[in-house]
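Observations on the three-dimensional arrangement
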Amino acid sequence: DGGITQSPKYLFRKEGQNVTLSCEQNLNHDAMYWYRQDPGQGLRLIYYSQIVNDFQKGDIAEGYSVSREKKESFPLTVTSAQKNPTAFYLCASSREFGYTFGSGTRLTVV
Amino acid sequence: EDQVTQSPEALRLQEGESSSLNCSYTVSGLRGLFWYRQDPGKGPEFLFTLYSAGEEKEKERLKATLTKKESFLHITAPKPEDSATYLCAVQEIGAAGNKLTFGGGTRVLVKP
């Protein structure tokens, strides 16, 4: 079955460390997205990519970085510059209308 | 700037007690309005897409409607398994990257 796989499901990071969240899709979708979700808040766009080797900043890109070397993969790195990284991170992909979401990664800074 | 506001923030219902969730939006030109269901600790699951005012879509106990300024998600005779957070999102015509703008969600709890 086609879908989006995010890993790991839970991730713990020490302050000052960079961590990378994985997102892989086998839906043959061109566009991929990263959103952040905080308790009681809506999803906020971090980065998106419409084609391989190209990506754009979303509304809250500071402290994050991405790459899109393959159509299927869109990893997100949370750098030490991100002041408040504890959140639920969602990856999505799209062909044209609407998104298909992954199951999310919960990142906690300890 | 696109704005999406959902109300109420939380809703407690008795099983069988029908209710409606509201999603108000401000967008220059609407390409589509989307409803998702999200269970705790999981990614959102697609429910409906609405494209133009007057459109309605149904799925089991859920019915979504759309006007030029808002959308409603009606839950008829809810069951405990309908407990979830319901998210509304809009896609504007010409939006960079076809991005969706999400509302804050409505947390629905249906008690037996």
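The notes below deal with the structure included here. Note that the structure is a prediction, hence the values are computed from the model and not measured. (Residues numbered from 1 in each chain as written. Chains lettered and ligands numbered in written order. Predicted model: local features only at pLDDT ≥ 70, side-chain atom pairs only at ≥ 80, totals over all residues. Heavy atoms only, no water.)

1. Re the overall build of chain B
Applicable threshold: Here a helix means four or more residues in a row that DSSP labels H or I, a strand means two or more in a row labelled E, and each is numbered from the N terminus. Radius of gyration: over C-alpha atoms. The globule rule applied is 2.2 Å multiplied by the number of residues raised to the 0.38 power. Partly exposed residues are those whose accessible area sits between 20% and 50% of the maximum for their type, while under 20% is buried and over 50% is exposed, using a 1.4 Å probe and protein chains only. Each accessible area is a Shrake-Rupley result for a 1.4 Å probe, and residues are judged covered by the shown protein chains and nothing else.
A tally of regular secondary structure across chain B gives zero helices and 11 strands. Along its sequence from the N terminus, chain B presents helices and strands in the succession β-β-β-β-β-β-β-β-β-β-β. Taking 13 Å as the expected radius of gyration for a compact globule of 112 residues, we find that chain B reaches 14 Å, a close match to that expectation. Projected onto the principal axes, the alpha-carbon positions of chain B cover approximately 45 × 30 × 20 Å. Taken across its 112 residues, chain B has 49% of its residues classed as buried. Taken as a whole, chain B presents about 5,500 Å² of accessible surface, with 48% of it coming from carbon and sulfur.

2. What to know about the overall build of chain A
When its secondary structure is counted, chain A shows zero helices and 11 strands. Reading the helices (α) and strands (β) of chain A from amino to carboxyl end gives β-β-β-β-β-β-β-β-β-β-β. For 110 residues, the compact-globule estimate of 2.2 N^0.38 gives 13 Å, and the C-alpha radius of gyration of chain A, at 13 Å, lies within 12% of that figure. Along the first, second and third principal axes, the C-alpha set of chain A runs to 35 × 25 × 20 Å.

3. Notes on the sheet that holds strand β3 (residues 19-25) of chain A
Residues and elements named next belong to chain A. Heads up, the condition is: A strand pair is defined by DSSP finding two or more bridges across the two strands. A fitted line through C-alpha atoms serves as each axis, taken over the contacting stretch for helices, and the angle formed by two N-to-C directions is quoted from 0 to 180°.
Spatially, the four strands line up as an open sheet ordered β1-β3-β8-β7, and their pairing is antiparallel. Looking at strand neighbours, the two that pair on one side only are β1 (4-7) and β7 (64-66), the edges of this open sheet. Strand-to-strand twist of the sheet, defined as the mean angle between neighbouring strand axes without regard to direction, takes the value 20°. Inspection of the sheet shows β1 paired to β3 by four bridges, in the antiparallel sense. Note that in β3 the partner of Thr5 across the bridge is Glu24.

4. Quick notes on the environment of B:Leu73
All names here are of chain B. The criterion, for reference: A contact between two residues is defined here by any heavy atoms of the two lying within 4.5 Å.
Residue placement: Leu73 occurs in strand β8 (residues 70-75). The spacing of Leu73 and Cys88 is 15 residues in sequence and 9.3 Å in space, taken between C-alpha atoms. Leaving out residues up to four positions away in the same chain, Leu73 has contacts with Ser19, Ser20, Leu21, Trp35, Phe48, Leu62, Lys63, Ala64 and Tyr86.

5. Side note on the state of the cysteines
By definition, a disulfide links the sulfur atoms of two cysteine residues through a covalent bond. All names here are of chain B. The condition is simple: Any two cysteine sulfur atoms within 2.5 Å of one another count as a disulfide.
According to the stated counting rule, one finds two disulfides over all chains in the structure shown. Between the sulfur atoms of Cys23 and its disulfide mate Cys88 the distance is 1.9 Å. Looking along the S-S bond of the Cys23-Cys88 disulfide, the torsion reads about -60°, which is the left-handed sense. In this pair, Cys23 sits in strand β3 (residues 19-26) while Cys88 sits in strand β9 (residues 84-92), placing the two residues 65 residues apart along the sequence. Residue Cys23 is classed as buried on the basis of its relative accessible area of 0%.

6. Points about a nonpolar patch on the surface
Residue and element names in this part refer to chain A. Applicable threshold: Surface patches are defined over residues having more than 30% relative accessible area and no salt bridge, joining like charges when they lie within 9 Å and nonpolar side chains (Val, Leu, Ile, Met, Phe, Trp, Tyr) when within 5 Å. Just to be clear on terms, a salt bridge is a Lys or Arg side-chain nitrogen sitting within 4 Å of an Asp or Glu carboxyl oxygen.
On the surface, Tyr10, Phe12 and Val110 cluster together into a nonpolar patch covering about 380 Å² of accessible area. With respect to the helices, strands and loops of the structure, Val110 is situated in the segment after β11 (105-109). On the accessibility criterion, Val110 (59% relative accessible area) is exposed.

7. Re the sheet that holds β3(B)
All names here are of chain B. Judged by pairing direction, the sheet is antiparallel, and its five strands sit side by side in the order β1-β3-β8-β7-β6 without closing on themselves. Only two strands of the sheet have a single neighbouring strand rather than two, namely β1 (3-7) and β6 (56-59). Here the average twist between neighbouring strands, direction ignored, is 15°. Inspection of the sheet shows strand β7 (residues 62-66) paired to β8 by five bridges, in the antiparallel sense. By the bridge assignment, Leu62 is partnered in β8 with Ile75.

8. A short note on the interface of chain B and chain A
Filter applied, for reference: What gets called buried area is simply the loss in accessible area from a 1.4 Å probe that two parts show on being joined, summed for both. Contacts described as polar in this section are N or O atom pairs within 3.5 Å, which, within protein, must combine one atom able to donate a hydrogen with one able to accept it, while residues neighboring in sequence count only if both atoms come from side chains. Under the scheme applied here, ten amino acids are nonpolar (Ala, Val, Leu, Ile, Met, Phe, Trp, Tyr, Cys and Pro), four are charged (Asp, Glu, Lys and Arg), and all others, including Gly, are polar.
Each side of the interface is counted separately: chain B has 19 residues, and chain A has 22 residues. Between chain B and chain A the total buried area reaches about 1,600 Å² when both faces are included, carbon and sulfur atoms providing 53% of it. Its largest share of buried area at the contact with chain A, chain B owes to B:Gly97, B:Lys99 and B:Phe102, together 27% of the area lost on that side. For the interface between chain B and chain A, the tally reads one salt bridge. For the salt bridge of A:Asp59 with B:Lys99, the shortest nitrogen-to-oxygen distance reads 3.5 Å. Linking chain B with chain A are six residue pairs in polar contact (both at pLDDT 80 or more), by the criterion used here. Only β4 (30-38) and β9 of chain B provide two or more residues apiece to the side of chain B that touches chain A. With four residues, β4(B) is the single largest residue contributor to the side of chain B that touches chain A. Tallied by class, residues from the side of chain B that touches chain A come to eight nonpolar, eight polar and three charged.

By themselves, these are just geometric observations and shouldn't be taken as functional.
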